[in-house]
Amino acid sequence: MRTLSLRAPRERRGLSLLELAIAVVISAILFGAAAITVLRADAAFRETEVGAEAQRLCEQTLERVARELMNADRSSLAFAPAPPQPSIGVSYRRAEGWAGGVLQLGPQRRVRFVRDAGEFVDGLDNDGDGLVDEGALILTTDVAAGDDVVLVNGVAEMGAGELANGADDDGDGLVDEPGFFMLWDAASATLTIELTLERLAPRQRRSVRSGQIAVRIRNG
Ligand SMILES: [Ca+2]
Ligand SMILES: [Ca+2]
Ligand SMILES: [Ca+2]
């Protein structure tokens, strides 16, 4: 008589090669997904940082330009182009005190937008710095001597939200306004200055920040 004996299956020891391979692939996928998430979060953080720095620099530059022009003599102001067009440059002389009842004026100074050397208005980044058609804001402390100071780089060709299309895209009443411009209101002797900066952010994105300041010019 045959005796049936039931044996428990042999206890498995460890993972088979196939199981191990599958585990390695799954781990790699999970690690890859986690790494991508971390990299994206890092890029988003750095993009926010770049934007905040551009905003800080924009406000700081506008304040400096406003302080520079505050003491200008009204009668010496010469805008280019002339108002009511938005001007991208202004020359002026600053009041430096009184002598014998006569207002003393300093040398002719100038604030203007100047496109970067090697950059052209063609929708391309000609100088390879990641920004398109950009320029700088230049202060000349003595026009005759040609003493130039760069106030800020990366000034955008167009104002924030504006496209070169003959329309007022951002609804501010101005058509195709540039990244730096001034509006002169002679009646109130008030100069409104607007500045738009561009910075290269991670993943080839551009951070665009803009600001506006108004300054009353009392002298003259
Ligand atoms: Ca460029
Ligand atoms: Ca260009
Ligand atoms: Ca506009």
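Preceding this section is the structure that the text describes.
Basis of the calculations
Residues numbered from 1 in each chain as written. Chains lettered and ligands numbered in written order. Predicted model: local features only at pLDDT ≥ 70, side-chain atom pairs only at ≥ 80, totals over all residues. Helix = DSSP H or I, 4+ residues; strand = E, 2+ residues; numbered from the N terminus. Rg over C-alpha atoms; globule rule 2.2 N^0.38 Å. Buried ≥ 20, exposed ≤ 12 C-beta atoms within 10 Å, placed from the backbone. Contact = placed C-beta atoms within 7 Å. Expected span 1.5 Å × (residues − 1). Pairing = 2+ DSSP bridges.

Next up on the list: the overall build of the protein chain. The number of helices and strands found in the protein chain is 1 helix and 8 strands. When the helices and strands of the protein chain are read in sequence order from the N terminus, they spell out α-β-β-β-β-β-β-β-β. For the protein chain, whose C-alpha radius of gyration is 31 Å, the value lies well above the compact-globule estimate of 17 Å for 220 residues. Counting only C-alpha atoms, the protein chain reaches 140 × 40 × 35 Å along its principal axes. Considering the protein chain as a whole, with its 220 residues, one finds that 26% of them fall into the buried category. Counting only contacts in the protein chain whose residues sit at least 6 apart along the sequence, the fraction spanning at least 24 positions is 49%.

It is worth spelling out unusual backbone geometry at this point. Cis geometry marks the peptide bond from A80 to P81, where omega comes out at -15 degrees. Going from P83 to P84, the amide bond is cis rather than trans, its omega being 10 degrees. Tracing the chain through its elements places P84 in the loop between β1 (78-80) and β2 (89-99). At A189, a residue that is not glycine, the phi angle is positive and equals roughly 50 degrees. By the secondary structure assignment, A189 is in the loop between β6 (180-185) and β7 (190-201). Its 15 C-beta neighbours within 10 Å are what place A189 among the partly exposed residues. The residue R203 is not glycine, and still its phi comes out positive at about 60 degrees.

With that settled, consider helix α1 (residues 17-70). Taking 1.5 Å per residue, 54 residues should reach 80 Å; α1 reaches 79 Å between its end C-alpha atoms and fits that length. For α1, the full list of buried residues reads A54, C58, T61, L62, V65 and L69. Among the structural elements, β2, β3 (102-115), β4 (135-142), β5 (147-155), β7 and β8 (205-216) are those in contact with the buried residues of α1.

Looking at chain direction, β4 and β5 are connected through 6 bridges and run antiparallel. The residue of β5 that forms the bridge with L139 is V149. What sits between the antiparallel neighbours β4 and β5 is a turn of 4 residues, in which G146 has the positive phi angle 70 degrees.

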